[in-house]
Amino acid sequence: MSLSTADRALKHILKRDKSAREILGRLCDSTGAACAFETVDGQLLWGSDEVFEHTRDLTHEDKVLGKFRYSSDEALLIFDTLKLLFQKEWEKKKIGKEVLGLYREINMIYDLSELISEKIDAESIAKVTLEEASQIIDTTHALFLIYDAEKDTVIQIARLGENPKSEAFIEQQKDVLKELITRGVSAIVPAERIAKNPALKHLKTVMYAPLKVKHRTFGMVILGHEEEVEYTAAELKLLTTISLQSATAIESAHLYQKGLKEVQDREEAIRKIHDVSQKFVPSEFIKSLGKAKITEVFLGDLVEREVTVVFVDIRGFTTISEGLSPTDNFLFVNGFNNRMGPIVRKNGGFIMQYLGDGFMALFTEGSQGALTASVEMHRELQEYNKERALKERLPVRIGVGMQSGKLIMGITGDNERLDAAIISDTVNTAARIEGLSKHFGTSILLTQECKANLTDPDQFDFRYLGRVQPKGKKQPIDLYECINGDAEDLQNHKLSNLKTFDDAMTLFLDKEFAMAAVTFQQIFKSNIKDQPAKLFLNRAAQLITQEIEDNWKGVETMTTK
């Protein structure tokens with residue numbers, strides 16, 4: 001531990017640690033002794049600035065940190081206490097520094113693992129290895145060497161630091177380097193050996209570690225410094241770990257190159273696998289059919305299940321895609337699906353079909369998981385949009401519609417091509433509900449059946465949006481908006497106006513259109529992003545001047561899908 005760290009520990013005790021200063025002060029009061037402590041350069045850190053008859057040096061690792069001045073022997077108890085407090089503070093800082101160093105090493109090794117896992121050639125792996133090692137180990141020069149047994153030569157794969165004659169020196173030192181590589185051990189080179197080796201005359205400190213895979217050593221990594229720095233056993237161990245990690249990556253890269261040839265020998269096996277993959281259906285779908293694996297599925301297999309169907313649509317997809325190339329468009333959609341898919345699966349669902357600008361998901365355990373997933377998808381996008389805003393990209397928003405009910409899940413097609421199929425009015429209704437979410441301007445829209453199917457409805461907040469008769473449907477559907485997927489400011493607005501909105505809906509359905517319009521206008525004025533309030537404000541205003549039939553029930557009949 002360096003003296004500067006000890007100084008910081010001592011100053012912390014005497015200047016910043018209130019409890020320590022109180023302990024020392026109480027001891028002074030109880031003993032009646034006067035004392036003070038000053039640094040080696042005479043700076044008073046604690047106590048009185050009067051002249052004292054006695055002094056004691058406070059030392060640490062044979063180095064004087066300062067002088068304790070006192071008037072009588074009673075003060076020695078204070079001195080002993082000060083030493084104890086200092087020792088504990090020093091140990092705490094020492095542990096903190098060690099933990100920080102360990103964290104940096106682990107983090108570097110993790111980063112190195114990620115970086116080299118992306119490389120498939122020895123040169124790239126070697127370059128990344130030296131760059132990352134130099135970030136945590138103090139070094140000005142580095143070499144990454146591999147022994148080519150066929151040519152009986154040592155090859156420089158990568159290097160750091162200026163040394164124009166490095167390749168010439170490597171050739172001159174070939175026998176020495178071969179011996180070190182064959183030996184396969186790590187070491188810190190003694191200073192006298194460095195001084196005697198002309199190839200190392202530009203360095204004052206050197207250490208090396210082998211590139212070893214299992215029991216085979218095929219190279220080495222050398223780090224050096226042009227100044228006299230002290231490489232520690234811990235740093236040598238870290239270099240050894242880095243070298244072993246790099247050796248494994250290089251071995252994997254070699255196996256990868258070798259594997260390219262083997263691909264041709266496996267063409268027949270790949271063709272058979274391809275034939276099977278053409279019949280692939282979602283694994284969750286297979287389980288829903290009561291099957292354990294895809295090879296158990298046959299044409300015509302079916303089952304009737306009670307499920308919740310969720311449709312998700314990217315709003316404004318055309319606007320977003322217009323500014324992207326076909327490749328970027330694909331990457332955007334793929335990135336979107338990668339974010340949403342895990343949320344669906346985490347909440348007990350699976351994606352049945354990707355629709356380009358959205359997808360359809362099934363939840364076989366009921367609507368609780370479906371609605372939870374819908375809310376979490378909106379929250380994930382809110383965080384994602386913060387990243388997009390920093391890159392000056394358009395925000396991504398979605399609309400969600402869902403319905404619960406029975407459907408037939410089965411395998412359809414022919415003997416050459418199988419596919420998963422779902423047949424039910426529930427699916428059609430869910431698709432219509434998603435379309436209605438655009439009409440109402442809601443983030444999540446669900447039916448009365450979905451809401452009644454919830455196992456814990458108190459987890460969410462809803463607003464009733466009346467009854468709608470979608471095009472092609474004979475019976476109207478009661479709709480609810482779940483507001484928990486909205487942005488925070490809009491969600492807070494809707495929460496604070498829940499009762500007011502319900503009152504406005506009651507007035508609207510009771511044909512009190514003027515009062516309903518006034519109430520909806522009050523809600524809309526407090527936040528103009530509240531699209532359902534705006535919609536019902538306009539509907540109420542239009543109905544004020546119209547003649548309403550006695551059997552009017554507030555059902556909105558849709559003329560488009």
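It should be noted that the structure appears before, not after, this text.
Note that this is a predicted model, so its numbers are computed, not measured.

(A) The pairing of strand β3 (residues 54–60), seen in detail. In this structure, β3 lies alongside strand β4 (residues 63–70), joined through 7 bridges in antiparallel fashion. Bridging across to β4, Thr59 finds its partner in Val64.

(B) Region of the structure containing the sheet that holds strand β5 (residues 141–148). Overall, antiparallel pairing links the 5 strands, which are arranged β6-β5-β9-β8-β7 in an open sheet. Of all strands in the sheet, those bounded by a partner on one side alone are β6 (153–160) and β7 (187–189). Mean inter-strand twist for the sheet, computed between neighbouring axes without regard to direction, equals 25°. As paired elements, β5 and β6 share 7 bridges and run antiparallel to each other. Looking across to β6, one finds that Ile146 is bridged to Ile155.

(C) Summary view of the pattern of salt bridges. Tallied over the entire structure, the rule returns 23 salt bridges. In this structure, the salt-bridge partner of Lys178 is Asp152, at a minimum N-O distance of 2.8 Å. Of this pair, Lys178 sits in helix α6 (residues 174–183) while Asp152 sits in the loop between β5 and β6; the two residues are 26 residues apart in sequence, bridging distant segments of the chain. What makes Asp152 partly exposed here is its relative accessible area of 30%. The partner of Glu434 in a salt bridge is Arg315, with the nearest N and O atoms 2.8 Å apart. A residue pair is termed long-range when its members are at least 10 positions apart, and Glu434 in helix α14 (residues 425–440) and Arg315 in strand β10 (residues 302–315) qualify at 119 residues. For Glu434, a relative accessible area of 10% puts it in the buried group.

(D) Main features of the packing of aromatic side chains. Tallying each qualifying case throughout the model produces 14 aromatic pairs. Pairing Phe317 with Phe332 gives two aromatic rings, centres 6.4 Å apart and planes at 25°, and the pair type is stacked. On the criterion of sequence distance, the pair formed by Phe317 in helix α11 (residues 317–322) and Phe332 in helix α12 (residues 326–346) is long-range, its members being 15 residues apart. Using a relative accessible area of 18% as the deciding quantity, one classes Phe317 as buried. The class of Phe332 is buried, set by a relative accessible area of 10%. Ring centres of Phe508 and Trp552 lie 5.6 Å apart, and the angle between their planes is 75°; this geometry places the pair in the edge-to-face category. Of the two residues, Phe508 sits in helix α17 (residues 498–509) while Trp552 sits in the loop between α19 (531–544) and β18 (556–557), which places them 44 residues apart along the sequence. With a relative accessible area of 1%, Phe508 lands in the buried category.

(E) Focus on the nonpolar core. Core analysis: the biggest nonpolar cluster contains 34 residues, and Phe336, Phe359 and Met402 have the highest contact counts within it. For this core, the elements supplying multiple residues, two or more each, are β10, α11, α12, β12 (358–363), α13 (367–390), β13 (397–413), β15 (444–447) and β17 (477–482). Looking at this core, the element that brings in the most residues is α13, giving 7 residues. Formed by 30 residues, the second largest nonpolar core is a distinct cluster that contains Ile125, Val128, Ile146 and Ala247.

(F) Just the packing of α17 against helix α18 (residues 513–526), in detail. Their axes nearest at 8 Å, the elements α17 and α18 cross at an angle of 155°. With respect to α18, the element α17 is oriented roughly antiparallel. Where α17 crosses over α18, the handedness of that crossing is left-handed. Where α17 approaches α18, its residues Thr500, Phe501, Ala504, Met505, Leu507 and Phe508 are matched on the opposing element by Phe513, Met515, Ala516, Thr519, Phe520 and Ile523. Looking at side-chain class alone, the contact of α17 with α18 contains 10 nonpolar, 2 polar and no charged residues.

Analysis parameters
Within every chain, residues take consecutive numbers counted from 1 along the sequence as written. Note on the predicted model: pLDDT of at least 70 is required for a residue's local features to be given, and 80 or more for side-chain atom pairs to be given and counted; whole-chain, interface and lining totals, by contrast, use all residues. Just so you know, side-chain values use all the structure's heavy atoms and leave hydrogens and water out. When DSSP locates at least two bridges between a pair of strands, those strands are taken to pair. A run of H or I in DSSP counts as a helix once it spans at least four residues, and a run of E counts as a strand once it spans at least two, with each numbered from the N terminus. Here an axis means a line fitted to C-alpha atoms, over the contact stretch when the element is a helix, while the angle between two N-to-C directions is reported on a 0 to 180 degree scale. Salt bridge criterion: a side-chain nitrogen from Lys or Arg within 4 Å of a carboxyl oxygen from Asp or Glu. Between buried and exposed lies partly exposed: a residue is buried under 20% and exposed over 50% of the maximum accessible area for its type, with that area taken using a 1.4 Å probe on protein chains only. Pairs were defined over the aromatic rings of Phe, Tyr and Trp, the Trp ring being its six-membered one, requiring ring centres within 6.5 Å. Orientation was assigned from the angle between planes: stacked under 30 degrees, edge-to-face over 60, tilted for the rest. In this text, buried Ala, Val, Leu, Ile, Met, Phe, Trp, Tyr and Cys residues form a nonpolar core when linked through side-chain atoms within 4.5 Å. Any angle between 65 and 115 degrees counts as roughly perpendicular, while under 35 counts as roughly parallel, over 145 as roughly antiparallel, and the rest as oblique. In this scheme, a crossing is called left-handed if the near helix is turned counterclockwise away from the far one by less than a right angle; it is called right-handed if the turn is clockwise. In this analysis, two residues are considered to be in contact whenever any of their non-hydrogen atoms come within 4.5 Å of each other. Residue type decides the class: Asp, Glu, Lys and Arg count as charged, Ala, Val, Leu, Ile, Met, Phe, Trp, Tyr, Cys and Pro as nonpolar, and the leftover types, Gly among them, as polar.

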